[in-house]
Amino acid sequence: MADKPAPTEARGRCHCGRVRFVARFPSRFCAHCHCESCRRAHSAGFVTWVGFLSSQVTVESGAGDLAAYESSPGTQRKFCRVCGTKLFFESSRWAGETHVALAAFDEPVDRAPEGNAFFEEHVAWIPWPKEA
Ligand SMILES: [Zn+2]
Ligand SMILES: [Zn+2]
């Protein structure tokens, strides 16, 4: 039997399952973001993002339940208006890209987290390795 071909896409969803999306590979990056805006928007110690061209990300169902919040000028954070799950980040700073929260995926993406953004803003209450 032939090996299964490598996956070419990964699906994900919000907590309640109304908003479902598919992201087609290749992704552009995967990194943990420690900036205060991401941490506060997600109520989390940091947020892990997978970057795609926006044309590679399709909302397959629940587009009507996807709401957007402008967390700073030109930056939109998109979330399910029913359950509140944050899914997407789009910014004029990275025009044409959609950054998808890694934790929202049901299936593996095509790369592992490979770096830290804004690590100088990291919280003190996570025991970081010496060389983060
Ligand atoms: Zn939802
Ligand atoms: Zn951030």
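Model, not experiment: these values are computed from the prediction. (Residues numbered from 1 in each chain as written. Chains lettered and ligands numbered in written order. Predicted model: local features only at pLDDT ≥ 70, side-chain atom pairs only at ≥ 80, totals over all residues. Heavy atoms only, no water.)

1. Let's talk about the coordination of the zinc ion (ligand 2)
Around a metal, the perfect tetrahedron of four donors has angles of 109.5 degrees, and the perfect octahedron of six donors has angles of 90 or 180 degrees.
Thinking step 1. Looking at the zinc ion (ligand 2), the protein donor atoms are Cys33 (SG), Cys35 (SG) and Cys38 (SG), and they sit 2.2 to 2.3 Å from it.
Thinking step 2. Of note, the donors binding the zinc ion (ligand 2) are all from one chain and are spaced C-x1-C-x2-C. As far as burial versus exposure is concerned, Cys35 and Cys38 are alike and both buried. (Donors = N, O, S within 2.8 Å, 3.2 Å for Na, K, Ca; no water. Buried < 20%, exposed > 50% of the residue type's maximum accessible area, 1.4 Å probe, protein only.)

2. Regarding the layout of surface pockets
Thinking step 1. As a volume, the largest pocket reaches approximately 340 Å³.
Thinking step 2. In this structure, the largest pocket is lined by 18 residues; those nearest its centre are Cys33, Phe89, Arg93, Trp94 and Phe118.
Thinking step 3. The set of elements that each furnish at least two residues to the lining of the largest pocket consists of strand S3 (29-33), helix H1 (36-42), strand S7 (75-80) and strand S8 (86-91).
Thinking step 4. Sorting elements by how many residues they give to the lining of the largest pocket places S3 first, with four residues.
Thinking step 5. In terms of residue class, the lining of the largest pocket is made up of 10 nonpolar, six polar and two charged.
Thinking step 6. Considering only enclosed or pocket space, the second largest pocket measures out at about 200 Å³ in volume.
Thinking step 7. Considered class by class, the residues forming the lining of the second largest pocket number eight nonpolar, four polar and two charged. (1 Å grid on protein atoms, 1.4 Å probe; cavity = no way out; pocket = protein on both sides within 12 Å on 5 of 7 lines; lining within 4 Å. Points joined across faces, edges and corners; volume = space filled by probe spheres on them. Helix = DSSP H or I, 4+ residues; strand = E, 2+ residues; numbered from the N terminus. Nonpolar A, V, L, I, M, F, W, Y, C, P; charged D, E, K, R; others polar.)

3. Details of the pattern of salt bridges
Thinking step 1. All chains considered together, the criterion is met by seven salt bridges.
Thinking step 2. Arg11 is the salt-bridge partner of Glu60, the closest N and O atoms lying 2.9 Å from each other. You can see Glu60 sitting in strand S5 (residues 57-61) and its partner Arg11 sitting in strand S1 (residues 9-13), a full 49 residues away along the chain.
Thinking step 3. Owing to a relative accessible area of 32%, Arg11 belongs among the partly exposed residues under this scheme.
Thinking step 4. Note that Lys78 is salt-bridged to Glu90, the shortest N-O span being 2.9 Å. With a gap of 12 residues between them, Lys78 in strand S7 and Glu90 in strand S8 connect regions that are remote in the sequence.
Thinking step 5. Residue Glu90 is classed as partly exposed on the basis of its relative accessible area, which comes to 22%. (Salt bridge = Lys/Arg side-chain N within 4 Å of Asp/Glu carboxyl O.)

4. A word on the coordination of the zinc ion (ligand 1)
Thinking step 1. Within the protein, the zinc ion (ligand 1) binds to Cys14 (SG), Cys16 (SG), Cys80 (SG) and Cys83 (SG); these donor distances fall in the range 2.3 Å.
Thinking step 2. Here the zinc ion (ligand 1) binds four donor atoms, and the angle range of 106 to 114° at the metal identifies the geometry as tetrahedral.
Thinking step 3. Considered as a linear motif, the donors of the zinc ion (ligand 1) on their single chain read C-x1-C-x63-C-x2-C. Taken as a pair, Cys16 in the loop between S1 and strand S2 (20-24) and Cys83 in the loop between S7 and S8 lie far apart in primary sequence, 67 residues in all.
Thinking step 4. Under the relative-accessibility criterion, Cys16 is labelled partly exposed at 31%. (Tetrahedral: all angles 85-135°; square planar, octahedral: opposite > 155°, others 65-115°.)

Function-wise, these values are silent; they only describe arrangement.
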